[in-house]
Amino acid sequence: MTEHSAPTGGGMSQHITAAPETIPTNDPEAPANRLAAEAASALLERAGVDSIDLACTLGSGWSQAADRLGETVCEIDAAEIPGFHASAVSGHSGTLRIVRTGDDDGPAHHVLVVAARTHYYEGRGVDAVAHGVRTAAAAGAKTMVLTNGCGGLREEWAPGTAVLISDHLNLTATSSLRGAHFVDMTDLYSARIRGIAHEVDPSLPEGVYAQFPGPHYETPAEVRMAGTLGADLVGMSTALEAIAARAAGMEVFGISLVTNQAAGISPQPLSHQEVIDAGREAAPRISTLLAEIITRTVTS
Ligand code: 8IG
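Residues numbered from 1 in each chain as written. Predicted model: local features only at pLDDT ≥ 70, side-chain atom pairs only at ≥ 80, totals over all residues. Heavy atoms only, no water.

1. A short note on empty space enclosed by the protein
Leftover empty space is mapped by rolling, across the atoms, a probe with the size of a water molecule.
Move 1: Throughout the structure, instances matching the rule amount to 2 cavities of 30 Å³ or more.
Move 2: The space that makes up the largest cavity amounts to roughly 80 Å³.
Move 3: What lines the largest cavity is a set of 14 residues, among which Ala116, Arg117, Thr118, Val129 and Gly132 lie closest to the centre.
Move 4: Tallying contributions element by element places helix H2 (residues 126-138) first for the lining of the largest cavity, with 5 residues.
Move 5: Class assignment for the residues of the lining of the largest cavity results in 6 nonpolar, 6 polar and 2 charged. (1 Å grid on protein atoms, 1.4 Å probe; cavity = no way out; pocket = protein on both sides within 12 Å on 5 of 7 lines; lining within 4 Å. Points joined across faces, edges and corners; volume = space filled by probe spheres on them. Helix = DSSP H or I, 4+ residues; strand = E, 2+ residues; numbered from the N terminus. Nonpolar A, V, L, I, M, F, W, Y, C, P; charged D, E, K, R; others polar.)

Have a look at this one:
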């Protein structure tokens with residue numbers, strides 16, 4: 001139990017005892033923040049670095065990007081770091097990697113590559129979903145890069161199209177924050193880093209990403225609803241992580257790989273195999289793209 005000072009009517013301080021899971025997420029003593037601090041220490045110690053500059057979570061289709069970022073300082077089985085779990089989904093490897101990147105002549109920069117995402121649909125709760133982001137922040141990352149594979153609502157976006165996330169709709173009916181932790185979400189997805197991405201590839205489209213809880217895909221009616229609400233992309237990650245990243249003070253960049261057209265957009269049914277295949281086909285191209293965006297961001 002953690003002691004909290006609560007103001008009373010008379011201006012006196014009264015000690016109340018809060019159940020750990022009710023401590024607001026802006027309190028460093030919240031279990032989620034303590035666990036993230038522990039994970040960050042373990043990670044930095046294993047890597048032998050003082051801090052990281054940027055972290056990137058790899059979603060479906062993006063796993064090759066880590067190899068193009070620079071020299072691997074260390075790669076760790078995620079299950080060996082507090083709070084991380086072996087990944088449940090095929091196509092997700094379950095590792096944490098520290099990579100040294102940047103110009104040969106300039107200072108070294110360190111990137112944490114999280115290939116161990118916990119999805120909301122795994123049922124471990126929102127703190128598990130946000131753990132990678134909070135660990136990155138605790139390890140010093142100023143920037144959080146979130147990638148995913150998702151369904152596209154625009155017919156012109158063939159599977160294999162990369163789309164910059166300009167904003168999101170959180171349709172999970174929950175938050176990664178708790179308590180009186182009110183955080184501004186205006187400009188959540190950094191216009192500055194989207195600008196860097198457009199320097200790398202001016203043709204990159206932008207879109208609004210809707211996070212559904214999953215694990216089922218949407219019905220065609222739900223996809224039409226999402227489109228009416230303003231979504232261009234539908235998926236099962238990213239929004240809750242972006243919220244936690246912004247709350248931790250990080251600059252956020254999101255990029256989606258359209259691995260399939262969302263239900264009802266094309267006449268074909270969705271399949272997990274289609275997702276894997278689209279990712280494999282797009283991997284070399286999008287990995288190079290992401291590595292270039294990250295390298296420029298971390299050195300800018
Ligand atoms: I990959 O069509 C992938 N993830 N919700 N809908 C949702 N998540 C997805 C989809 C999709 N494709």
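2. Some thoughts on the pattern of salt bridges
Move 1: Taken as a whole and assessed by the stated rule, the structure comprises 16 salt bridges.
Move 2: Asp127 is paired through a salt bridge with Arg134; the nearest N and O atoms lie 3.1 Å apart.
Move 3: By relative accessible area, which is 25% here, Asp127 ends up partly exposed.
Move 4: On the basis of relative accessible area, Arg134 is assigned to the buried category, the value being 8%.
Move 5: Salt bridges sharing partners connect three or more residues here, namely Asp67, Glu75 and Arg97. (Salt bridge = Lys/Arg side-chain N within 4 Å of Asp/Glu carboxyl O. Buried < 20%, exposed > 50% of the residue type's maximum accessible area, 1.4 Å probe, protein only.)

3. Considering the site of the ligand
Move 1: Taken together, the residues surrounding the ligand are Gly149, Cys150, Gly151, Tyr217, Glu218, Val234, Gly235, Met236, Thr259, Asn260, Leu270 and Val275.
Move 2: The side chain of Glu218 places a nitrogen or oxygen atom 2.4 Å from a nitrogen atom of the ligand.
Move 3: When the ligand sits alone it has 320 Å² of accessible area, and the protein chains cover 95% of it.
Move 4: Assessed atom by atom at 2 Å from the grid points, the ligand resides in the largest pocket.
Move 5: Secondary-structure elements contributing two or more residues to the shell around the ligand are strand E7 (143-152), strand E10 (233-235) and strand E11 (251-261).
Move 6: A total of 3 residues in the shell around the ligand trace back to one element, the largest contributor, which is E7.
Move 7: Looking at the shell around the ligand residue by residue, the classes come out as 6 nonpolar, 5 polar and 1 charged. (Near = heavy atom within 4 Å. Polar contact = N/O pair within 3.5 Å; in protein donor to acceptor, adjacent residues only side chain to side chain. Areas by Shrake-Rupley, 256 points an atom, 1.4 Å probe, with all protein chains shown as cover. Sits in = over half its atoms within 2 Å of the grid points.)

4. So, H2
Move 1: Here H2 is 13 residues long and its end C-alpha atoms lie 18 Å apart, about the 18 Å a rise of 1.5 Å per residue gives.
Move 2: Gly132 marks where H2 bends most, by close to 40°.
Move 3: Among the 13 residues of H2, 10 are classified as buried, and the element is accordingly described as predominantly covered.
Move 4: What H2 keeps buried is the set Val126, Ala128, Val129, Ala130, His131, Gly132, Val133, Arg134, Thr135 and Ala136.
Move 5: Along its buried surface, H2 packs onto helix H1 (31-47), strand E3 (54-57), strand E6 (109-115), E7 and helix H5 (239-247). (Expected span 1.5 Å × (residues − 1). Bend = angle between axes of the 7 residues up to and from the residue. Contact = heavy atoms within 4.5 Å.)

5. Some words on the packing of helix H3 (residues 191-200) against helix H6 (residues 272-299)
Move 1: Taken N-terminus to C-terminus, the directions of H3 and H6 make an angle of 125°; their axes are 9 Å apart at the nearest point. Considered as vectors, H3 and H6 are oriented oblique to each other. Note that H3 runs across H6; the crossing there is right-handed. The residues of H6 that touch H3, namely those facing Arg192, Ile193, Ile196, Ala197, Glu199 and Val200, are Leu289, Glu292, Ile293, Arg296 and Thr297.
Move 2: Here the residues of the contact of H3 with H6 are counted per class, giving 6 nonpolar, 1 polar and 4 charged. (Axes fitted to C-alpha atoms, helices over the stretch in contact; angles between N-to-C directions. Parallel < 35°, antiparallel > 145°, perpendicular 65-115°, else oblique. Left-handed = near helix turned anticlockwise from the far one by under 90°.)

6. So, the pairing of strand E8 (residues 161-170)
Regular strands have side chains that alternate between both faces of the sheet.
Move 1: Looking at chain direction, E8 and E11 are connected through 4 bridges and run antiparallel. Opposite Leu164, over in E11, you have Ile255 as the bridge partner.
Move 2: The pairing of E8 with strand E9 (residues 206-211) spans 6 bridges and is parallel. Note that in E9 the partner of Leu169 across the bridge is Ala210. (Pairing = 2+ DSSP bridges.)

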